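Listed below, chain by chain, are the residues.
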Amino acid sequence: MASSRSKRSNQVGAAAILAIVLLIAGLAIASRGRHFPPPVLQGSGCLVRSSSYDVPLTTGQAGLAATIAGVARRRSMPVRAVTIAYATALQESDLENLSYGDRDSVGVFQQRPSQGWGTRQQLLDPIYATSRFFAALASVPGYRHLLVYQAAQAVQRSADGYAYSQYAPQGAAMAAGFSGHLARAVWCWYGGAKFGRPVRLAAASRQLAATFGQLPVGQITDPMLAVRVSHRLAGWAVAAWLVTHAANYRIREVRYQGYQWTAAHGAKGWTRYSSRGQGPTARGAVTFG
């Protein structure tokens, strides 16, 4: 009798486990390809919306990601290079500009001064560190055709090069947004930030130039600047940089191609913009202020 009860108990347990597995599988199938809102809208955060899934980031991570994409554009690196850079940075530092690391490693890519990457101070500058990463990547023969982890490992020469592969899908999703291949894909919200005047327009313009290279910038009103861009991809990459650095420079709004992001309603993302009665805009330019 005990054996019979045990057998029935095992059968019931197995059936319950099977039901749970089927339920999870059903939820996974139902949610595939869907987009979900950011998990937390209190405080601050950023979101990258891609054609496959959404990537939540801290404002610090998003700012670094936008800088990496900007440096890639200045150096004429393809979006594949940006994907490789993101996978590397996510594995090495969780996409943070760390002042510490294994032995003398520092920065977003955990580069080592003792290995000739530069001084500690230089490597803590994300623009410099990214430029060095892309220079090394460009020297890897056929890197565009390598698997992401293979290209990353050719640059980093880490103990476990295959570890970069886990971040390849996320890196690709982020690269599409931050490089401008997906319009209106990056936005942030700043729950606790104060956006009082004056806007730090001059400082933002200088940092934009340091990241993307010299861009034509002109004032269209006070306080509103227009950044002229060569094409749509560059415009959305610049717009993503401005949105992810909005708190640093007290930027309240960014506009491009008929859409706007505002700090007051950052969690709503990019919304349609009508210039009628809403102040000046500039054709073919990203405006901010």
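Please refer to the structure placed before this passage.
These figures come from a predicted structure and were not determined experimentally.

Colleague: Just checking my understanding: could you explain the environment of Gly171 for this structure?
Modeller: Relative to the elements of secondary structure, Gly171 occurs in helix 7 (residues 168–178). Overall, Gly171 belongs to the buried group, its relative accessible area being 0%. Taking the C-alpha atoms as reference points, Gly171 and Tyr86, 85 residues apart in sequence, are found 5.0 Å from one another. In contact with Gly171, not counting residues within four places along its chain, are Thr83 and Tyr86.

Colleague: Sorry if this is basic, but what is going on with the nonpolar core here?
Modeller: Nonpolar side chains in soluble globular proteins tend to end up buried together. Among the nonpolar cores identified, the biggest contains 81 residues, and Phe134, Leu137, Phe178, Val254 and Phe288 are the most heavily contacted of them. Element by element, the count of residues in this core is highest for helix 9 (residues 232–244), at 9 residues. If sequence neighbours within four positions are ignored, Phe134 has contacts with Ile68, Val71, Ala72, Arg75, Met77, Ala81, Val82 and Ala85.

Colleague: Even after reading the chapter, I still don't get the side chain of Thr83, so can you show me in this structure?
Modeller: Mapped onto the secondary structure, Thr83 falls in helix 3 (residues 79–93). The residues touching Thr83, leaving out its near neighbours within four places in the chain, are Val148, Ala168, Gly171, Ala172 and Ala175.

Colleague: It is not clear to me how helix 5 (residues 126–138) should be interpreted in this structure. Could you clarify?
Modeller: Since the α-helix advances by 3.6 residues per turn, residues separated by three or four positions end up pointing in the same direction. Compared with the 18 Å implied by 1.5 Å per residue over 13 residues, the 18 Å span of helix 5 between its first and last C-alpha is a close match. Among all positions in helix 5, only Pro126, Ile127, Ala129, Thr130, Ser131, Phe133, Phe134, Ala136 and Leu137 are buried. Residues of helix 5 that are buried in the fold lie against helix 2 (59–74), helix 3, helix 4 (120–123), helix 6 (148–156) and helix 8 (201–212). Two or three places before Ile127, at the start of helix 5, stands the capping residue Asp125, its side-chain oxygen 3.1 Å from that residue's backbone nitrogen.

Colleague: Any chance you could explain the packing of aromatic side chains here in plain terms?
Modeller: The relative placement of two aromatic rings is captured by the distance of their centres and the angle of their planes. Counted according to the given criterion, the structure contains 9 aromatic pairs. On the numbers, 5.1 Å between centres and 90° between planes, the contact of Trp236 with Trp270 is edge-to-face. Placement of Trp236 in helix 9 and of Trp270 in the loop between strand 7 (259–262) and strand 8 (271–272) is noted, with a sequence separation of 34 residues between them. The exposure classification of Trp236 matches that of Trp270, with both residues buried. Three or more aromatic residues link up through ring pairs in this structure, and these residues are Phe109, Phe133 and Phe134. One residue, Arg184, lies across the ring of Tyr259, its end atom 4.1 Å from the ring centre.

Colleague: Would you mind going over the packing of helix 2 against helix 3 with me for this structure?
Modeller: Each pair of packed helices can be summarised by the angle the axes make with each other and by the distance between the axes. Following both chains from N to C, one finds helix 2 and helix 3 inclined at 145°, their axes separated by 10 Å at the closest point. Between helix 2 and helix 3 the crossing geometry is right-handed. Contacts from Ala65, Ala66, Ile68, Ala69 and Ala72 in helix 2 reach Val82, Ala85 and Tyr86 in helix 3. Of the residues contributing to the contact of helix 2 with helix 3, the split by class is 8 nonpolar, no polar and no charged.

Here is what the cut-offs are and how they apply
- Residues numbered from 1 in each chain as written.
- Predicted model: local features only at pLDDT ≥ 70, side-chain atom pairs only at ≥ 80, totals over all residues.
- Heavy atoms only, no water.
- Helix = DSSP H or I, 4+ residues; strand = E, 2+ residues; numbered from the N terminus.
- Buried < 20%, exposed > 50% of the residue type's maximum accessible area, 1.4 Å probe, protein only.
- Contact = heavy atoms within 4.5 Å.
- Core = buried A, V, L, I, M, F, W, Y, C linked by side-chain atoms within 4.5 Å.
- Expected span 1.5 Å × (residues − 1).
- Polar contact = N/O pair within 3.5 Å; in protein donor to acceptor, adjacent residues only side chain to side chain.
- Phe/Tyr/Trp six-rings, centres within 6.5 Å; stacked < 30°, edge-to-face > 60°.
- Lys NZ or Arg CZ within 6 Å of the ring centre and 35° of its normal.
- Axes fitted to C-alpha atoms, helices over the stretch in contact; angles between N-to-C directions.
- Left-handed = near helix turned anticlockwise from the far one by under 90°.
- Nonpolar A, V, L, I, M, F, W, Y, C, P; charged D, E, K, R; others polar.

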